[in-house]
Amino acid sequence: MVEQIEVPERPLAATLARAAVAAGYAPSVHNTQPWHWRVESERLELFADRTRQLSVTDPDGRLLLLSCGTALHHATVALAAQGWASKVTRLPDPEQPDLLARLIPDGPIPVTSRARRLFQAAEVRHTDRRPVTDEPVPVSTLAAITTAVAGAARLQVLTRDQVLGLAAAASRAATVESDDPRVRDELAYWTGRGAPAGAGLPAHVVPGEPPRTTVPERDFGRPGTLPVGPGHDAAASYLLLFGDDDEQSSWLRAGEALSAAWLTAVGLGVSVLPLSEAIEVESTRQALRQVLSGLGHPYLVLRVGFADPDHAGPAHTPRLRSDQVVETAIG
Ligand SMILES: Cc1cc2nc3c(=O)[nH]c(=O)nc-3n(C[C@H](O)[C@H](O)[C@H](O)COP(=O)(O)O)c2cc1C
């Protein structure tokens, strides 16, 4: 991927450029990739690209910030795999609200096997919307995933009763969204031919028929070509990513936490499916707060389980060209 941008000759700047490009592997809502990186000689700057914000589905930018947070964490993972620690300052300039973070290399450091594994996980990670097998995720594996989340956001494994509350909220959110023509249009744009090349959701990652699950997956409005196969979500675990407040800086950190949890899950052979519909609709987001017994503000739902080992999952979702999301600003 890095070949698509002009790699600066200075070694540190080249390392930073490679990290910004590798951050493109990060997941994002509807594969909007709503980020823009600026490579300077000794630091990276991460900006929100509001032209790829879901203005109807995500008017507050919660999912945009979560998505940019995953890219930010991916950049730190890529730097660590190149032997650099990073120092991150989030939302550093109130005059520039779309400047989400400054990342300064803070090293060098030895490249550990953990750093290598996390980077390899970033390269292979993808969203698999097929139902999961009936093998439950061991408690110790769930604990490894939830403890990978450090800082402001937390991950809670939902109890059976809480999963039923989640299922009701997700189903209600799906009805609210499918009744809203503006949401339908926005979804059709990101799942159709009108989306920018390399962004949005191609048919091969969208299930060919609705999976038979207790917690409904997102209905993308049209069937895709991904074979659903057998399976259910009976053995899946559902996790809620949440935090103490509902502000931009928390959403950004929650995205970083999402990336850390997801890359850890990949390393443990666990498949992760983010579900955000119940977060997008105000009333169901409040219902999820009740599910959490008022413990905090919900940011995202994650289904975790084991993917069908006998059939290959979907091919990777495409990405924008790196010169569309990474700019080098070195004189
Ligand atoms: C904040 C956020 C919300 C998401 N919400 C959903 C969702 O509701 N349903 C779904 O099927 N995928 C969801 N996804 C997964 C994205 O569609 C996926 O990351 C994107 O298409 C890129 O594909 P990849 O993860 O395979 O690289 C979400 C991802 C993020 C980061």
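Reading the values: rules and limits
- Residues numbered from 1 in each chain as written.
- Predicted model: local features only at pLDDT ≥ 70, side-chain atom pairs only at ≥ 80, totals over all residues.
- Heavy atoms only, no water.
- Domains from an automatic or database assignment.
- Contact = heavy atoms within 4.5 Å.
- Buried area = accessible area lost by both parts, 1.4 Å probe.
- Salt bridge = Lys/Arg side-chain N within 4 Å of Asp/Glu carboxyl O.
- Helix = DSSP H or I, 4+ residues; strand = E, 2+ residues; numbered from the N terminus.
- Buried < 20%, exposed > 50% of the residue type's maximum accessible area, 1.4 Å probe, protein only.
- Phe/Tyr/Trp six-rings, centres within 6.5 Å; stacked < 30°, edge-to-face > 60°.
- Lys NZ or Arg CZ within 6 Å of the ring centre and 35° of its normal.

1. Some details on the domain arrangement of the protein
Move 1: Each assigned domain of the protein is listed with its residue range as follows: domain 1 (2–126 + 319–328) and domain 2 (139–305).
Move 2: One C-alpha centre belongs to domain 1, the other to domain 2, and the line joining them spans 22 Å.
Move 3: In this complex, domain 1 contributes 37 residues to the contact, which on the side of domain 2 involves 35 residues.
Move 4: With both chains or domains summed, domain 1 and domain 2 bury close to 3,100 Å², and 67% of this area falls on carbon and sulfur atoms.

2. Examining the pattern of salt bridges
Move 1: Counting across every chain of the model gives 19 salt bridges.
Move 2: One salt bridge in this structure joins Arg102 and Glu45, with 2.6 Å as the shortest N-O distance. In this pair, Arg102 sits in strand E4 (residues 99–105) while Glu45 sits in strand E2 (residues 44–48), placing the two residues 57 residues apart along the sequence.
Move 3: For Glu45, a relative accessible area of 4% puts it in the buried group.

3. Some points on the packing of aromatic side chains
Move 1: Under the counting rule described, the total for this entry stands at 1 aromatic pair.
Move 2: For the pair Tyr189 and Trp190, a centre-to-centre distance of 5.1 Å together with 90° between the ring planes defines the contact as edge-to-face.
Move 3: Residue classification places Tyr189 among the partly exposed residues on the basis of a relative accessible area of 38%.
Move 4: It is Arg125 that lies over the ring of Trp262; its NZ or CZ is 4.4 Å from the centre.

4. A closer look at unusual backbone geometry
Move 1: The linkage connecting Gly107 with the following residue, Pro108, adopts the cis geometry, with an omega of 0°.
Move 2: Mapping Pro108 onto the fold places it in the loop between E4 and helix H3 (113–124).
Move 3: The backbone phi angle of Asn31 is positive, close to 55°, even though this residue is not glycine.
Move 4: One can find Asn31 in the loop between helix H1 (11–22) and strand E1 (35–39).

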